[in-house]
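# Tertiary structure, described
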Amino acid sequence: MSFGETPVTIIGNLTSDPELKFTNSGASLVKFTVASTPRTYDKEAGQWKDGTAAFFRCAAWRQLAEHIADSLTKGSRVVLSGRIRQHNWQTEQGENRSMLAVEVDDIGPSLQFATATVQRTQRANSAPADSDPWASGLSTPAAGSGPAAAGPAVDDKPPF
């Protein structure tokens, strides 16, 4: 982590299945959203009440991206650590836009209400990540193809 980066730890649930894509250079990228909802106990009503959910757009690269796509699905409760990144762009109408997102460094299932079986994988070479995971130039793999279906990549060539 570099000086001045904003580290975060988020506990929440995936709002949909992770979206695995590949850059033109063949680097794998996964995007997903995590909803974190605070809960408080209302003594008068004798029950738990949900607060306002916060939604965090997240991205992960390379082998971590492929592991996320292979392991997690909509509704999975996760614990993740990463860094807040700001992404700026300009619309076709010339309007400036920005968004905050989390670049995931590590993630795993929450074991508070579930169990998990860990399967260790071999490391593979991976292509360098593009500078902005929200930029264009990404392709979605065809069903049943790409590293997620065939196992970890063993070189820097695109999987398609």
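Residues numbered from 1 in each chain as written. Predicted model: local features only at pLDDT ≥ 70, side-chain atom pairs only at ≥ 80, totals over all residues. Heavy atoms only, no water.

### Topic: the overall build of the protein chain
Put simply, the rule is: Going along the chain from the N terminus, every DSSP run of H or I of four or more residues is numbered as a helix, and every run of E of two or more is numbered as a strand. Each residue gets one of three labels from its accessible area relative to the maximum for its type: buried under 20%, exposed over 50%, partly exposed in between, using a 1.4 Å probe on protein chains only. In what follows, a contact means two residues having at least one pair of non-hydrogen atoms within 4.5 Å. Throughout, the Shrake-Rupley method with a 1.4 Å probe supplies accessible areas, and for residues the shown protein chains are the sole cover considered.
Per the secondary structure count, the protein chain includes two helices and nine strands. Taken from the N to the C terminus, the helices and strands of the protein chain come in the order β-β-β-β-β-β-α-β-β-β-α. A burial count over the protein chain gives 29% of its 160 residues as buried. Of the contacts formed within the protein chain by residues at least 6 apart in sequence, a portion of 68% connects residues at least 24 apart. Here the protein chain has roughly 10500 Å² of accessible surface; of this, 48% comes from carbon and sulfur atoms.

### So, the packing of aromatic side chains
The way to describe two aromatic rings as a pair is by their centre distance and the angle between their planes. Threshold: Whether two aromatic rings pair depends on their centres lying within 6.5 Å, for rings of Phe, Tyr and Trp, where Trp uses its six-membered ring; planes under 30 degrees apart make the pair stacked, over 60 edge-to-face, and the rest tilted.
If you walk through the whole model with that rule in mind, you get one aromatic pair. Arranged with centres 5.4 Å apart and planes meeting at 65°, the rings of tyrosine 41 and tryptophan 48 form a pair that is edge-to-face. Using a relative accessible area of 44% as the deciding quantity, one classes tyrosine 41 as partly exposed.

### As for the pattern of salt bridges
The criterion, for reference: Any Lys or Arg side-chain nitrogen found within 4 Å of a carboxyl oxygen on Asp or Glu counts as a salt bridge.
Going through the model one piece at a time under the given rule, you end up with nine salt bridges. With a shortest N-O distance of 3.1 Å, glutamate 103 and arginine 85 are connected by a salt bridge. Of this pair, glutamate 103 sits in strand β8 (residues 96-109) while arginine 85 is found in strand β7 (residues 77-90), placing the two residues 18 residues apart along the sequence. Using a relative accessible area of 19% as the deciding quantity, one classes glutamate 103 as buried. Ionic contacts of the salt-bridge type, sharing partners, join the residues Glu5, Arg83, Arg85, Glu103 and Asp105 into one network.

### Description of the nonpolar core
Going by this rule: In this text, buried Ala, Val, Leu, Ile, Met, Phe, Trp, Tyr and Cys residues form a nonpolar core when linked through side-chain atoms within 4.5 Å.
Of all hydrophobic cores here, the largest spans 18 residues; its most connected members are Phe32, Val34, Leu80, Val104 and Ile107. Listed by contribution, the elements that provide at least two residues to this core are β1 (6-14), β2 (19-23), β3 (28-36), β6 (54-61), α1 (62-71), β7 and β8. With residues near it in sequence (within four places) discarded, isoleucine 107 still touches Phe32, Leu64, Ile68, Leu72, Val78, Val79 and Leu80.

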